[in-house]
Amino acid sequence: MRAALLALLLLGCPSAAPGDAGPDAADAPRTYVPEPFAPTAETIAYCGARDDAAIEARITELLAELTPDEKIDLLAGDGLRDGTWEVSGVPRLGLPGLHMLDGPRGLSSFTGLNGTAFPVAILRGASWDPALEERVGRAMALEHRSAGADVILAPTMNLLRHPRWGRAQETYSEDSHHMGAMALAFVRGVQREGVIASAKHYAANSIEDTRHTVDVVIDPRTLREVYLPHFERVVVEGRVGSVMSAYNRVNGLYCDEQPLLLQTILREEWGFAGFVESDWIWGTHGDVSSLRAGLDIEMPVEVEFRGLRRALRSGALDERDVDRAVRRVLRAVLCFGLDEAAPRTPGTRIDRPEERETAEHLALAREVARRGLVLLRNGPAAAPLLPLDPAAHAAAGAVVLLGRNAERENIGDEGSSAVDPSDVVTAREGLEARLPAGAVVTFAALDDAARAAIAAAETVVIVTGLTAEDEGESDIAAGDRETLALPEAEVALVRAVAALTDRLVVVLEGGAAITSAAWDGETEALLFAGYPGSEGGHALAEVLFGDHPPTGRLPFSVPVAEGDLPPFDNVSEEVVYGYLHGYRHLLSEATPAHYPFGFGLSTTRFILGAPRLLTPTVGATGTVELEVDVTNEGPRAGTETVQLYVAAVGSRVPRAPRDLRAFAQLTLAPGETATVTLRVPARDLRFWDEEASSYEVEAIAYDAFVGTDAERTTGVVRFTVEGG
Ligand code: BGC
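All values reported here derive from a predicted model rather than from experimental measurement.

Asker: Please explain unusual backbone geometry as it appears in this structure.
Answerer: The phi angle of most residues is negative, glycine excepted, and most peptide bonds adopt the trans form. Along the chain, Asp102 connects to Gly103 via a cis peptide bond; the corresponding omega equals 5°. When you line up the elements, Gly103 lands in the loop between β3 (98–101) and α6 (121–125). Of note in the backbone geometry, Trp128 takes a positive phi value of approximately 50° without being a glycine. According to the relative accessible area criterion, Trp128 is buried, its value standing at 1%. Notably, Asp475 is not glycine yet its phi reads approximately 70°, a positive angle. Looking at the element boundaries, Asp475 is found in the loop between β14 (459–465) and α18 (488–498). Residue Asp475 is classed as partly exposed on the basis of its relative accessible area of 40%.

In structure tokens, the structure reads:
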């Protein structure tokens with residue numbers, strides 16, 4: 001059904017029925033005086049360097065000139081036109097519209113154009129490097145602009161509440177703090193290039209198969225402390241241009257009809273000055289109710305919002321309610337300078353292919369892929385297998401390559417985040433490019449020839465994991481995963497090969513945790529590679545052969561078994577989102593993860609010194625600061641990610657055992673020592689007081705645990721917040 005509707009949109013979109021359209025836009029002149037509008041601190045900040053006062057005044061003039069129908073035209077999409085999802089502008093007033101495109105890992109394949117496939121966000125999240133992510137945002141903005149887009153439908157920033165979520169790969173993390181840092185960097189990168197980012201899907205959207213109907217039942221503390229802080233960060237610190245409402249319901253109301261989410265929290269508390277668009281097709285559930293709740297644009301075409309025209313005519317809707325939404329749309333258009341671009345010619349698409357898949361963007365995709373690769377296992381302890389010595393792998397047949405993803409262009413979901421690069425470097429191609437011709441031999445199955453080759457090989461590499469057939473967006477792609485386990489045939493392959501060699505590397509591709517506790521002890525090395533994008537094969541070869549050290553750290557927990565996590569319910573119409581998931585849940589149950597959140601091995605050895613607390617006491621608006629010395633005592637250069645988790649001591653409300661509140665990264669040569677400073681604003685220690693309906697920073701003691709993952713802490717210091 002959705003696919004049919006999508007096809008209709010791709011071929012040509014419906015326009016409003018004649019009866020709905022009301023009087024013609026070229027209506028008789030009228031006298032309409034819009035409400036005056038005084039810029040606020042938030043609208044000023046939203047406009048950045050542009051003259052906000054002049055822009056707001058111009059919007060007021062435009063609101064007087066636009067006809068009611070033209071206003072409502074600005075509040076709905078017109079389908080896919082000239083290669084982008086368009087909200088038409090008003091040419092007679094020199095107003096351009098908006099041109100949106102997915103998405104989270106590069107230029108949308110809906111365009112039919114080639115673009116760089118950046119590694120999926122979960123792998124970029126594994127870099128724990130916001131500065132790198134900002135560069136990805138900039139590059140993606142340039143590629144989108146080259147295809148005529150001025151809005152990128154990204155970042156996807158829903159918490160990875162459970163790794164079976166079909167869109168796990170599109171997001172950065174199971175943790176709100178880590179998510180906030182990465183999404184903020186992406187938004188900054190995109191918007192520095194003058195393209196509008198859209199934070200999606202607001203909010204509590206972490207299940208695919210029931211995404212159109214599920215009612216997420218969530219208590220105020222869980223919503224405020226777990227599911228919203230990362231959105232707050234991109235709004236308050238990132239001044240994100242737009243927000244996409246989610247399909248699902250939250251506590252009984254669909255997200256597009258939620259005054260609490262769209263008005264009270266987003267606008268009144270966070271000061272969001274941009275526009276909210278609905279998710280696509282069946283993401284708008286009301287006309288006047290959605291508009292009044294705070295939804296500004298129905299995407300991708302006007303269906304429910306036709307009712308706005310009727311309501312205006314009948315007097316059920318006041319034009320000033322419409323003006324509020326129109327002002328937000330026009331503010332985005334003018335504050336992002338979209339009116340300064342050359343006017344578009346209908347029927348002509350913008351396409352500058354020379355700005356996509358540039359050498360610089362491909363190099364960035366490669367850098368990000370290798371920075372995100374997570375080394376999970378590297379044995380035996382006395383002589384770890386990785387890095388491999390290229391000189392020892394130069395002979396014919398030195399590397400035997402197997403596994404379902406060894407030769408696959410495995411770049412991720414085929415839903416709305418799909419991209420279409422002109423070339424993908426597979427694992428096979430990457431390894432072949434790194435070694436002399438003939439050094440890598442590939443087998444599709446473990447037959448006699450493969451067994452013989454393994455017997456003669458130096459090292460065996462199995463590239464396996466998941467594909468777009470196993471996980472993705474629902475309706476148009478695979479939906480939620482059925483299991484956290486690797487497909488049985490692949491486990492059997494790993495085990496059979498492990499019995500034949502003691503030099504086995506397994507590479508797991510996929511969107512999030514794949515359980516491996518039952519079999520990975522039989523391997524020497526194990527890596528998580530996400531979906532590594534256009535240049536993934538090169539990145540893999542560079543890390544395996546030690547050209548670059550492995551630096552990734554898991555942005556999710558890998559449990560021993562799925563049963564260690566809270567249940568994943570993608571069939572019920574009502575699902576309770578609890579306060580604890582991921583590492584916070586595992587710690588509270590005292591259940592060790594197989595590989596904890598934040599975990600990743602190096603090919604060198606780092607020692608963290610005792611943390612030095614610089615601020616034993618802070619006020620509720622102060623910032624806690626501590627320093628940690630990090631020494632590279634190993635034989636190679638490497639990158640360490642120092643993590644700070646905070647536990648409230650004697651809180652009057654139940655809390656997680658500890659929460660990530662800061663992290664810092666540093667790259668050290670062998671023998672080098674450097675100091676990292678970790679900072680935690682006391683505000684980030686707040687909890688939501690349900691009785692008072694406000695946040696409170698408790699004036700109590702807190703323990704700051706420093707470590708290299710959520711479980712392994714190397715030092716703890718206690719500080720106090722005063723006068724909370
Ligand atoms: C997805 C959004 C996407 C939109 C447009 C929807 O199905 O949920 O994330 O931006 O389609 O492609």
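Asker: In this structure, what is going on with the pairing of β3? I would like to understand it.
Answerer: When a strand is regular, its side chains alternate between the sheet's two faces. Of the two faces of β3, the one carrying Leu98 and Met100 and the one carrying His99 and Leu101 are both buried. Pairing geometry for strand β2 (residues 84–87) and β3, over three bridges, is antiparallel. Counterpart to Glu86 in the pairing with β3 is His99. Here two bridges tie β3 to strand β4 (residues 151–152), and the two strands are oriented parallel to one another. Bridged to Met100 within β4 is Val151.

Asker: I keep staring at the sheet that holds strand β15 (residues 504–509) and nothing clicks. Help me out?
Answerer: Strands in a sheet are paired, the pairing made by backbone hydrogen bonds, and the direction either parallel or antiparallel. Across the sheet, which stays open at both edges, the six strands sit in the order β11-β16-β15-β14-β12-β13 with mixed pairing between neighbours. What marks the edges here is a single partner per strand, and that holds for β11 (374–378) and β13 (440–442). Put simply, the sheet's adjacent strands are angled 20° from each other on average, direction ignored. By the bridge criterion, three bridges tie strand β12 (residues 399–402) to β13 in an arrangement that is parallel. Of the residues in β13, the one forming a bridge with Val399 is Val440.

Asker: Quick question: what am I supposed to make of the domain arrangement of the protein here?
Answerer: Interfaces are often sized by the accessible area lost when the parts come together. Domain boundaries in the protein define domain 1 (2–17 + 34–313 + 331–354), domain 2 (364–588) and domain 3 (606–722). Of the residues lining the interface, 67 residues belong to domain 1; the matching set on domain 2 comes to 68 residues. Three residues, Arg161, Arg164 and Glu174, lead the burial of domain 1 against domain 2; their summed loss comes to 15% of the area buried on that side. Seen at the junction of domain 1 and domain 2, the total is six salt bridges. The partner of Asp129 in a salt bridge is Arg371, and the shortest N-O contact between them spans 3.0 Å. Across the contact surface, domain 1 and domain 2 share 41 residue pairs in polar contact (both at pLDDT 80 or more).

Asker: Mind showing me how you'd approach helix α16 (residues 427–434) here?
Answerer: Residues separated by three or four positions in an α-helix point in the same direction, a consequence of the helix having 3.6 residues per turn. By the burial criterion, the buried members of α16 are Ala427, Gly430 and Leu431. All buried residues of α16 project into a common sector of 95° when viewed along the axis, lining one side. In this fold, the buried residues of α16 make contact with β12, β13, β14 and α19 (536–544).

Asker: I would appreciate a short explanation of the packing of helix α4 (residues 52–65) against helix α14 (residues 319–335) in the present structure.
Answerer: Think of two packed helices as two axes; the pair is described by the angle between the axes and how far apart they sit. For the pair α4 and α14, the least separation of the axes is 10 Å and the interaxial angle reads 130°. The angle between α4 and α14 places the two elements in the oblique class. α4 and α14 meet at a crossing whose hand is right-handed. Side by side, α4 and α14 meet where Ile55, Glu56, Arg58, Ile59, Thr60, Leu62 and Leu63 of the first sit next to Asp323, Val326, Arg327, Leu330, Arg331, Leu334 and Cys335 of the second. Among the residues forming the contact of α4 with α14, the class breakdown is eight nonpolar, one polar and five charged.

Asker: Please explain the state of the cysteines as it appears in this structure.
Answerer: Such a bond, covalent and formed between the sulfur atoms of two cysteines, is termed a disulfide. Applying the stated criterion across every chain, the model contains one disulfide. The side chain of Cys47 participates in a disulfide bridge whose partner is Cys335; the two sulfur atoms lie 1.8 Å from each other. With Cys47 in helix α3 (residues 41–47) and Cys335 in helix α14, the pair connects residues that are 288 residues apart, well separated along the chain. Comparing Cys47 with Cys335, the two get one shared label, buried.

Rules used throughout
Residues numbered from 1 in each chain as written. Predicted model: local features only at pLDDT ≥ 70, side-chain atom pairs only at ≥ 80, totals over all residues. Heavy atoms only, no water. Helix = DSSP H or I, 4+ residues; strand = E, 2+ residues; numbered from the N terminus. Buried < 20%, exposed > 50% of the residue type's maximum accessible area, 1.4 Å probe, protein only. Pairing = 2+ DSSP bridges. Axes fitted to C-alpha atoms, helices over the stretch in contact; angles between N-to-C directions. Domains from an automatic or database assignment. Contact = heavy atoms within 4.5 Å. Buried area = accessible area lost by both parts, 1.4 Å probe. Salt bridge = Lys/Arg side-chain N within 4 Å of Asp/Glu carboxyl O. Polar contact = N/O pair within 3.5 Å; in protein donor to acceptor, adjacent residues only side chain to side chain. Arc of directions from axis to C-beta. Parallel < 35°, antiparallel > 145°, perpendicular 65-115°, else oblique. Left-handed = near helix turned anticlockwise from the far one by under 90°. Nonpolar A, V, L, I, M, F, W, Y, C, P; charged D, E, K, R; others polar. Disulfide = S-S within 2.5 Å.

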